Amino acid sequence: MALSPETAPHRPAEPAAWASRGVFTVAFLGIAAGLQLGDMGLQAVSLSAIQRSFGVGDAALGALQGLAGVLIGSALAIPLARFSDRFSRKRVLLWLIAASSAMMALSGLARDFPLFFIGRSAAGITEFAMVPLVYSMIPDLAPERHRVAANLGFAALVAAGASGGFYFSGALLSAADALFARDAEPWRKAFLLLGLAGLPLLLLGTLTADPARRTAAADLAAASSLRLFLRLRWRAVGLFVGTAGCLITAVQALNQLIALALERRFGAAPGDIGHAMGLIILATSVGCLPAAGLLDRALARRIGQAARPLIMGLSVIAAMPVLLLLGSVRTLDHAFVAAGLFLFLTCTANALVPTMLQDLAPAPLRARCFAIWSFVVSLFGAAGPLLAGTLSDWLFERRMLDAAAAVALPALAVSAGCALRTVLRARRERGLAASRPA
């Protein structure tokens, strides 16, 4: 039964300024999520070694890069989000850090590909459950005027950690090989070392805040019914998922397999590719954030809520010819330049997605909405490398870069179309609102 405003619980006041503990909490969550996602960069750089260890084909690698993380992570994300919508989000996050670190270490101990696949799937709990919970906490930690900056700051820290998995992969493999005396492949030892990094994170996590939820009385009517919310807003939600989902299909088709694709295309060493891609991912993921923030601030004054989907649509359209350029370059350096420009444009398109979903979802359902969003969009993301790996085996004769482009280009076209339809819908709704009498 929905609560009326008279019977609603007290709504905690919005902070007028940042509290030091709130800043520390957002920073810690960004560092923790970035470190937990850094193993994906290590995995991408180590794909050729993993392929030799288990003797699998490109389709299996595409499934590893795409599906691993979806299976167990998506199964747990929504019930965990429902739990955290009602109870302590801080406690759930600490358990997620512990579980993800343990699965990371166990991945290095797997003796066959199915066990390794299961371990990597379990480690996907971080992406599917931890990140949605963080985005549900940020509106309760940050003042409203700083919410976009807090979202972008968290995204920058996550991007730094994720890119570090690429950049430091060579050093991490060497350090882990020297640190552990056991007879095993260096990539296994590197996963074990990353798993141990979760221990100091747990200690620091005890110092973070567990903010109360700032829930408006209007939001309480929807608190008991996620189904009602989705039924009322299904068109807006569908366009949102189409825009973000197809975009992530294109990005993941290239990003998850680009190290292997460049290694095959140009005969470069995996460590050299990882070093360069780490710098590129860091520069593009962080560099796009102020650009997206400035564009959002400038356009929102003129066209309101249509600004964010417009930024997404135009960025995606600009990325399409860059992807064609990437497939035609003749040198590795030119490939890095094209890959960097493609990632900058697609990261700019994706930067404001969390803020859009925070605006769309009522506060009592926010964690669950983010969990469902992560699940649905990550299904799209899983399709990218899975389809690219399959096409590489069956159609493109192991030309991974061509296979990735064949998957990414149609996905970008659909994403741009959904984004532009969202712009038209937002402008139409704004015009109808302006025409109503006061």
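What counts, and where the lines are drawn
Residues numbered from 1 in each chain as written. Predicted model: local features only at pLDDT ≥ 70, side-chain atom pairs only at ≥ 80, totals over all residues. Heavy atoms only, no water. Helix = DSSP H or I, 4+ residues; strand = E, 2+ residues; numbered from the N terminus. Buried < 20%, exposed > 50% of the residue type's maximum accessible area, 1.4 Å probe, protein only. Areas by Shrake-Rupley, 256 points an atom, 1.4 Å probe, with all protein chains shown as cover. Axes fitted to C-alpha atoms, helices over the stretch in contact; angles between N-to-C directions. Parallel < 35°, antiparallel > 145°, perpendicular 65-115°, else oblique. Contact = heavy atoms within 4.5 Å. Nonpolar A, V, L, I, M, F, W, Y, C, P; charged D, E, K, R; others polar. Core = buried A, V, L, I, M, F, W, Y, C linked by side-chain atoms within 4.5 Å. Domains from an automatic or database assignment. Patch = residues over 30% accessible without salt bridge, like charges linked within 9 Å, V, L, I, M, F, W, Y side chains within 5 Å. Salt bridge = Lys/Arg side-chain N within 4 Å of Asp/Glu carboxyl O. Expected span 1.5 Å × (residues − 1). Phe/Tyr/Trp six-rings, centres within 6.5 Å; stacked < 30°, edge-to-face > 60°. Left-handed = near helix turned anticlockwise from the far one by under 90°. pLDDT = per-residue confidence, 0-100. Polar contact = N/O pair within 3.5 Å; in protein donor to acceptor, adjacent residues only side chain to side chain.

## What to know about the overall build of the protein chain
When its secondary structure is counted, the protein chain shows 21 helices and 0 strands. Buried positions account for 54% of the 438 residues belonging to the protein chain. Put simply, the protein chain shows about 18900 Å² of open surface, and 66% of that area lies on carbon and sulfur atoms.

## Some details on the packing of helix α10 (residues 186-196) against helix α11 (residues 198-205)
Contact geometry of α10 with α11 gives a least axis separation of 5 Å together with a crossing angle of 15 degrees. As far as their axial angle goes, α11 and α10 are roughly parallel. Where α10 approaches α11, its residues Leu194, Gly195 and Leu196 are matched on the opposing element by Gly198, Leu199 and Pro200. Of the residues in the contact of α10 with α11, the class split is 4 nonpolar, 2 polar and no charged.

## Quick notes on the nonpolar core
In globular proteins that are soluble, nonpolar side chains generally tend to be buried together. Within the largest apolar cluster, 114 residues are counted, with the highest numbers of intra-cluster contacts made by Phe154 and Met277. Two domains each provide a minimum of three residues to this core, namely domain 1 (19-207) and domain 2 (226-437). Filtering out sequence-adjacent residues up to four positions away, phenylalanine 154 remains in contact with Val26, Leu29, Gly30, Ala33, Val131, Val134, Tyr135 and Ile138. Judged by nonpolar contacts, the second largest core, of 9 residues, contains Leu152, Leu289, Ile311 and Leu352.

## Focus: a nonpolar patch on the surface
A contiguous nonpolar surface patch, about 260 Å² in accessible area, is contributed by Phe24, Leu204 and Leu207. Structurally, phenylalanine 24 can be placed in helix α1 (residues 20-45).

## A word on the pattern of salt bridges
Counted according to the given criterion, the structure contains 6 salt bridges. Its salt-bridge partner being aspartate 58, residue arginine 264 comes within 2.6 Å of it at the nearest N-O pair. With a gap of 206 residues between them, arginine 264 in helix α15 (residues 258-266) and aspartate 58 in helix α3 (residues 58-66) connect regions that are remote in the sequence. One network of salt bridges, with partners in common, ties together Asp58, Arg264 and Arg398.

## As for helix α18 (residues 332-350)
Compared with an ideal rise of 1.5 Å per residue, which puts 19 residues at 27 Å, α18 spans 26 Å between its outermost C-alpha atoms and is within 8% of the ideal. By the burial criterion, the buried members of α18 are Ala335, Phe336, Ala338, Ala339, Gly340, Phe342, Leu343, Leu345, Thr346, Cys347, Thr348 and Ala349.

## Examining the packing of aromatic side chains
Counted by the stated rule, this structure contains 8 aromatic pairs. Centroid distance phenylalanine 113 to phenylalanine 117: 6.2 Å. Interplanar angle 50 degrees. Geometry classified as tilted. Taken as a pair, phenylalanine 113 and phenylalanine 117 lie in helix α6 (residues 113-123) at a separation of 4 residues, close to a single helical turn. Consider the rings of phenylalanine 116 and phenylalanine 191, whose centres lie 6.1 Å apart with planes at 75 degrees: the pair is edge-to-face.

## Overview of the packing of helix α16 (residues 270-303) against helix α17 (residues 307-326)
Two numbers describe how α16 lies on α17: the axes approach to 8 Å, and their chain directions differ by 130 degrees. Regarding the angle of α16 to α17, the classification is oblique. Crossing of α16 over α17 shows right-handed handedness. Contacts between α16 and α17 involve Ala292, Leu295, Asp296, Leu299, Ala300 and Ile303 from the former and Ala307, Arg308, Leu310 and Ile311 from the latter.

## Overview of the confidence of the model for the protein chain
Mean pLDDT over the protein chain works out to 79, with 87% of the residues at or above the 70 mark. For residues 217-223, every residue scores under 50 in pLDDT, and the model assigns this stretch 15 contacts once sequence neighbours within four places are set aside.

## Quick word on α6
The buried fraction of α6 amounts to 8 of the 11 residues, a majority that puts the element mostly inside the structure. Of all the residues in α6, the buried ones are Phe113, Phe116, Phe117, Gly119, Arg120, Ser121, Ala122 and Ala123. The residue sitting at the N-terminus of α6 and contributing the capping side-chain oxygen is aspartate 112; that oxygen lies 2.9 Å from the backbone nitrogen of leucine 115.

## Some thoughts on the side chain of threonine 25
Looking at the secondary structure, you find threonine 25 in helix α1. For threonine 25, a relative accessible area of 1% translates into the label buried. With sequence-adjacent residues up to four places away left out, threonine 25 is seen in contact with Leu141, Thr208 and Ala209.

## Quick look at the side chain of serine 415
Relative to the helices and strands, serine 415 is located in helix α21 (residues 400-435). Among the residues examined, serine 415 registers a relative accessible area of 0% and is labelled buried. Beyond its immediate stretch of four places on either side in the chain, serine 415 contacts Gly242, Thr243, Cys246, Leu247 and Val316.

## Thoughts on the environment of glycine 274
For glycine 274, the location among the structural elements is in helix α16. Residue glycine 274 is classed as buried on the basis of its relative accessible area, which comes to 0%. For the pair glycine 274 and alanine 259, spaced 15 residues apart in the sequence, the C-alpha separation amounts to 6.9 Å. Those residues in contact with glycine 274, other than ones at most four positions away along the chain, are Val45, Phe166, Tyr167 and Ser169.

## Quick notes on the environment of leucine 387
Secondary-structure assignment places leucine 387 in helix α20 (residues 366-394). Note on leucine 387: relative accessible area 45%, which makes it partly exposed.

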